[in-house]
Amino acid sequence: MHELSDQGLEEVAAFLAVLDTGGFAPAARVLNRDASVLSRRVSSLERRLGVRLLERTTRRVTATEAGRRFADRARTALTLLADAEREAADAGAIPQGTMRLSLPEAFGRLWVAPLLPDFLTAFPRVRIEAFYSDRFVDLVGEGFDLAIRIGRLPDSSLVARRLGAERRLVCAAPSYLAARGFPREPADLAGHDALLFALFDSPSDWHFSRGREQVRVRLSGPLLTDNVDSLVHAAVAGKGLLVCSEWLIGRELAGGRLVRVLTDWEVGSDAGRGGAKGGFGEAAIHLVRPSGRFTAGKTRAFADWIAERLSPPPWNHPS
């Protein structure tokens, strides 16, 4: 393995400075070195590599093709080295500063908001700016450090950490099932009332799968809304069947206010606006962050902390 000496780093720095400034004289002014020193360092680098990196004329200095490739790799390496130094220094420091979070409205309200005071107590030098919305924010463009996203993640440059499964299920109140019957198969849903979430791409179309079997059922009902709390309240009141995420009704299921039906079937993930679109496949709850190589201590601290608090998922064992 080749080791880069201090002299080698100085040669690379001289080469990049000459390339960036367009000449040895301006590079010498930037680095506060004599131009002849920089020239010797670049020449030494070229001899060591066995390739010409710069084309020199009386008027200008330009990179050869090999020089351009080397410069790209060198800048990447120096950036990684700088990131490593910052991360090492940050690891020993107390997490601090402002952290911007983007949280899904209902999930954030139910399962993250109650935990934030404990995090602020544990990390008093961190200030949180939390925004609750089902809109997929531009983390980089809008300056967010972290976001929680639910569903299947589209291809992107974001770094994702899985926090838990995203399961959809069908449920209803015991009073509704006693009056209208307990469906055993998707075909049994004919004639039932449905409570419909307006932000699904096709609110009336419910998709089911069991092995290779796939079924679509079209339903209607007394309530269509973009507010999940309204749907849960209506379901508990016995107004119809509801398709929703398990994390949304964990407490209602545990308390017997709602009961699962069609438990042998998987419910398709017809994600609504702001999510990855439907069909069947693995969906999950993810913590995502921009793909920048350096991650601040405050961001790592919160990511580790929230992952621990949500494992195992509290909605499966609500208190």
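Residues numbered from 1 in each chain as written. Predicted model: local features only at pLDDT ≥ 70, side-chain atom pairs only at ≥ 80, totals over all residues. Heavy atoms only, no water.

Draft legend 1. Up close: the sheet that holds strand E10 (residues 213-218). Strand order in the open sheet formed by three strands is E10-E9-E14, and the pairing between neighbours is antiparallel. Single-partner strands in this sheet number two, and they are E10 and strand E14 (266-267). Bridge count for strand E9 (residues 205-210) against E14 is two bridges, and the pairing is antiparallel. Bridging across to E14, serine 209 finds its partner in glutamate 266. (Pairing = 2+ DSSP bridges. Helix = DSSP H or I, 4+ residues; strand = E, 2+ residues; numbered from the N terminus.)

Draft legend 2. Structural context of the packing of aromatic side chains. Scanning all chains against the criterion turns up ten aromatic pairs. Between the aromatic rings of phenylalanine 119 and tryptophan 305, the centroid separation amounts to 5.3 Å while the plane-to-plane angle is 70 degrees, which identifies the pairing as edge-to-face. With a gap of 186 residues between them, phenylalanine 119 in helix H6 (residues 116-122) and tryptophan 305 in helix H10 (residues 297-309) connect regions that are remote in the sequence. The burial state of phenylalanine 119 is the same as that of tryptophan 305; both residues are buried. A connected cluster of aromatic rings, assembled from ring pairs, spans Phe107, Trp111, Trp247 and Trp315. Positioned over the ring face of phenylalanine 144 is arginine 100, at 4.4 Å from the centre of the ring. (Phe/Tyr/Trp six-rings, centres within 6.5 Å; stacked < 30°, edge-to-face > 60°. Buried < 20%, exposed > 50% of the residue type's maximum accessible area, 1.4 Å probe, protein only. Lys NZ or Arg CZ within 6 Å of the ring centre and 35° of its normal.)

Draft legend 3. View of the nonpolar core. Within the largest apolar cluster, 43 residues are counted, with the highest numbers of intra-cluster contacts made by Phe107, Trp247, Leu248 and Phe302. For tryptophan 247, the contacting residues outside a window of four places in its chain are Ala106, Phe107, Leu110, Trp111, Ile150, Glu166, Ile285 and Trp315. (Core = buried A, V, L, I, M, F, W, Y, C linked by side-chain atoms within 4.5 Å. Contact = heavy atoms within 4.5 Å.)

Draft legend 4. Quick look at unusual backbone geometry. Cis geometry is found at the peptide bond from serine 311 to proline 312, where omega equals -5 degrees. Mapping proline 312 onto the fold places it in the segment after H10. Positive phi, close to 55 degrees, is recorded for asparagine 32, a residue that is not glycine. Position of asparagine 32 among the secondary structure elements: in the loop between helix H2 (24-31) and helix H3 (35-49). Residue asparagine 32 is classed as exposed on the basis of its relative accessible area of 65%. In this model, leucine 262 sits at a positive phi of 55 degrees, which is unusual for a non-glycine residue. Turning to its location among the elements, leucine 262 is positioned in the loop between strand E13 (259-261) and E14.

Draft legend 5. Looking closely at the pattern of salt bridges. Summed over all chains, the structure comprises 18 salt bridges. A salt bridge links glutamate 10 to arginine 41; the shortest N-O distance between them is 3.5 Å. In this pair, glutamate 10 sits in helix H1 (residues 6-21) while arginine 41 sits in helix H3, placing the two residues 31 residues apart along the sequence. Two residues, arginine 109 and glutamate 105, come together in a salt bridge whose shortest N-O distance is 3.7 Å. Separated by four residues within a single helix, arginine 109 and glutamate 105 lie in helix H5 (residues 105-112), roughly one turn from each other. Put simply, Arg100, Arg127 and Glu129 are held in one network by salt bridges that share partners. (Salt bridge = Lys/Arg side-chain N within 4 Å of Asp/Glu carboxyl O.)

Draft legend 6. Highlighting the side chain of threonine 299. With respect to the helices and strands, the residue threonine 299 is situated in helix H10. Setting aside residues up to four positions removed in sequence, threonine 299 forms contacts with Met99, Asp145 and Leu146.

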